[in-house]
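# Remarks on the overall topology
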Amino acid sequence: MTYDAVVVGGGPSGATAAEDLARAGKRVALLDRAGRIKPCGGAIPPRLIVDFDIPDSQLVARITTARMISPTGRHVDIPIENGFVGMVDREHFDEFLRARAARTGAHRHTGTFLRIERDGDGPRVIYRDRATQEERTLATRLVIGADGARSEVARQEMPGGSTIPYVIAYHEIISAPAPTGTYDPDRCDVVYDGRISPDFYGWVFPHGAQASVGMGTAVNGVNLKTATAALREAAGLAGCDTIRREGAPIPLRPLDRWDNGHDLVLAGDAAGVVAPSSGEGIYYAMVGGRVAATAALSALVTGRPRDLSTARKMFMKEHKTVFKVLRSMQDAYYKSDERRERFVSLCHDVDVQKLTFEAYMNKKLVTARPMAHLRIGLKNIAHLTRLVPEAYT
């Protein structure tokens with residue numbers, strides 16, 4: 001059997017691409033290693049829930065407040081007005097997406113991607129079957145590489161695919177305690193403290209009966225487990241049972257090109273689509289899978305390989321500006337604890353709160369309040385030029 005597309009990687013991006021193509025009536029194979037759970041805070045915005053038809057059963061918590069914590073322990077609680085941020089557990093969420101793709105018509109295969117071979121009939125994906133350890137072959141017309149931040153597909157097939165910058169994320173899933181003065185099952189805590197992460201942040205994200213506690217960094221030599229232990233101690237969670245520990249890279253910049261111009265396109269983390277500053281990845285991964293499937297479908301229908309390039313164009317048309325703004329914010333405020341202190345001060349501002357969460361919930365920059373943007377810009381300048389004290393709000 002020759003597939004129309006083989007999707008390598010069964011995370012949110014790959015599973016979405018496989019489902020969309022199968023729903024369009026194409027013959028699709030979904031190849032996934034299985035048995036791996038990506039470290040992830042698990043936050044998904046309302047737009048994802050609507051756009052990708054996520055049922056309530058997948059939500060393990062509904063967050064109504066975000067707490068930003070500074071290096072000196074100051075904090076600001078930001079209410080999430082007119083809605084909530086959903087939380088999922090990747091152990092179950094990813095499998096839900098894979099199973100849904102299979103129900104739609106995608107053929108699941110479990111194993112490790114090895115290479116792509118090509119002949120006159122097109123590409124063939126070679127993988128090692130998990131059960132038998134034998135090499136198997138999937139003949140196909142197109143390949144979608146959605147196999148994560150250290151994508152083997154990208155490394156073998158795309159220029160720059162092995163050099164994308166990333167942070168290492170590590171978290172521990174723990175048994176959640178009863179609500180206390182430091183832990184609230186309806187609140188996400190984001191910790192901007194160089195003792196936890198010198199260049200990113202730490203987090204405490206409730207998952208119902210469990211919680212995700214972790215951090216990320218691109219700095220060599222940082223002991224991730226020690227930093228997370230310090231975070232748990234500060235949050236009053238040191239005594240909670242640890243259920244599992246996970247670590248993985250998170251890319252920080254989209255690749256300049258996502259397709260090879262012939263028979264392959266990347267999606268999700270493999271293409272580098274994780275939001276700077278926040279590290280948010282699930283929504284952008286699923287959008288990346290959708291645009292990859294759309295581009296692949298176009299190439300299959302028209303026979304024009306160049307149509308694969310529309311995946312990146314579609315994604316960047318909607319999200320490039322947001323990524324630029326978030327990158328600028330990370331570059332400006334994650335450099336030192338003094339800057340982090342100033343960032344948390346800015347979070348006290350009502351304009352910052354409203355515009356930030358409106359943008360997060362709807363995944364677009366809010367342009368309807370020009371004066372609010374002006375005020376925020378002036379306060380940014382005042383902090384970055386040290387015209388005001390760190391604690392100025």
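In this report, we go over the structure that sits alongside the text. It should be emphasised that the depicted structure is a prediction, and the values quoted were computed from it without experimental measurement.

Parameters and conventions
Residues numbered from 1 in each chain as written. Predicted model: local features only at pLDDT ≥ 70, side-chain atom pairs only at ≥ 80, totals over all residues. Heavy atoms only, no water. Helix = DSSP H or I, 4+ residues; strand = E, 2+ residues; numbered from the N terminus. Contact = heavy atoms within 4.5 Å. Phe/Tyr/Trp six-rings, centres within 6.5 Å; stacked < 30°, edge-to-face > 60°. Buried < 20%, exposed > 50% of the residue type's maximum accessible area, 1.4 Å probe, protein only. Lys NZ or Arg CZ within 6 Å of the ring centre and 35° of its normal. Arc of directions from axis to C-beta. Polar contact = N/O pair within 3.5 Å; in protein donor to acceptor, adjacent residues only side chain to side chain. 1 Å grid on protein atoms, 1.4 Å probe; cavity = no way out; pocket = protein on both sides within 12 Å on 5 of 7 lines; lining within 4 Å. Points joined across faces, edges and corners; volume = space filled by probe spheres on them. Nonpolar A, V, L, I, M, F, W, Y, C, P; charged D, E, K, R; others polar. Pairing = 2+ DSSP bridges.

The subject of this paragraph is the side chain of Arg232. Mapped onto the elements of the fold, Arg232 is located in helix α5 (residues 224-234). When residues no more than four places from it in sequence are discounted, the contact partners of Arg232 are Glu172, Ile174, Val213, Leu237, Ala238, Cys240 and Thr242.

Take the packing of aromatic side chains next. The final tally for this structure, using the stated rule, is 13 aromatic pairs. The interplanar angle of 90° and the centroid separation of 5.0 Å between the aromatic rings of Tyr284 and Phe323 together place this pair among those described as edge-to-face. Note that Tyr284 is positioned in helix α6 (residues 282-302) and Phe323 in helix α7 (residues 310-333), a separation of 39 residues in sequence. No difference in accessibility class separates Tyr284 from Phe323, as the two residues are buried. Through successive ring pairs, a cluster of aromatic residues spans Tyr192, Phe200, Tyr201, Trp203, Phe205, Tyr333, Tyr334 and Phe343. If you follow Arg62 out to its NZ or CZ, it ends over the ring of Phe84, 5.4 Å from the centre.

Attention now goes to α5. Those residues of α5 lying buried are Leu224, Ala227, Thr228, Leu231 and Arg232. Taken end-on, α5 shows its buried residues confined to a sector of 140°, consistent with a single buried face. Along α5, the residues that are exposed and aim more than 90 degrees away from the buried face are Lys225, Thr226, Glu233 and Ala234. On the buried face of α5, the contacting elements are β11 (166-175), β12 (187-191), β13 (202-207), β14 (210-217) and β15 (242-251). The N-capping residue of α5, defined by a side-chain oxygen 3.1 Å from the backbone nitrogen of Lys225, is Asn223. Looking one or two places after α5, you find Gly236, whose phi comes out positive at around 75°.

All right, on to empty space enclosed by the protein then. Counted according to the given criterion, the structure contains one cavity of 30 Å³ or more. Taken as a whole, the largest cavity spans an internal volume of roughly 30 Å³. In this structure, the largest cavity is lined by Ile37, Lys38, Cys40, Gly42, Val88, Asp89, Arg90, His171, Ile173, His207, Arg244 and Glu246. For the lining of the largest cavity, the secondary-structure elements that each account for two or more residues are β11 and β15. Partitioning the lining of the largest cavity into residue classes produces four nonpolar, three polar and five charged.

A water-sized probe rolled over the atoms picks out the places where empty space is left. Of the volumes computed, that of the second largest pocket is approximately 290 Å³. Lining the second largest pocket are 19 residues, with Ile69, Asp189, Val191, Ala234 and Ala235 positioned closest to its centre. Elements with a minimum of two residues in the lining of the second largest pocket: β5 (65-69), β12 and α5. Grouping the constituent residues of the lining of the second largest pocket by class yields nine nonpolar, five polar and five charged.

Relative to the assigned elements, Asp53 resides in the loop between α2 (46-51) and β4 (61-63). Taking relative accessible area as the criterion, Asp53 reaches 58% and is therefore assigned exposed. For the pair Asp53 and Pro179, spaced 126 residues apart in sequence, the C-alpha to C-alpha distance is 31 Å. What Asp53 contacts, discounting residues up to four positions off in sequence, is Leu48 and Arg100.

This brings us to the pairing of β13. Among the six residues that make up β13, six are buried, leaving the element largely enclosed by the rest of the structure. Residues Gly202, Val204 and Pro206 of β13 are buried on one face, and the alternating residues Trp203, Phe205 and His207, pointing to the opposite face, are buried as well. Where β12 lies against β13, three bridges are found, and the strand directions are antiparallel. Along β13, the bridge assignment pairs Val191 with Gly202. Looking at chain direction, β13 and β14 are connected through six bridges and run antiparallel. By the bridge assignment for β14, Val204 is matched with Val213. In this antiparallel pair of consecutive strands, β13 and β14, the connection spans two residues, and Gly208 shows a positive phi of 75°.

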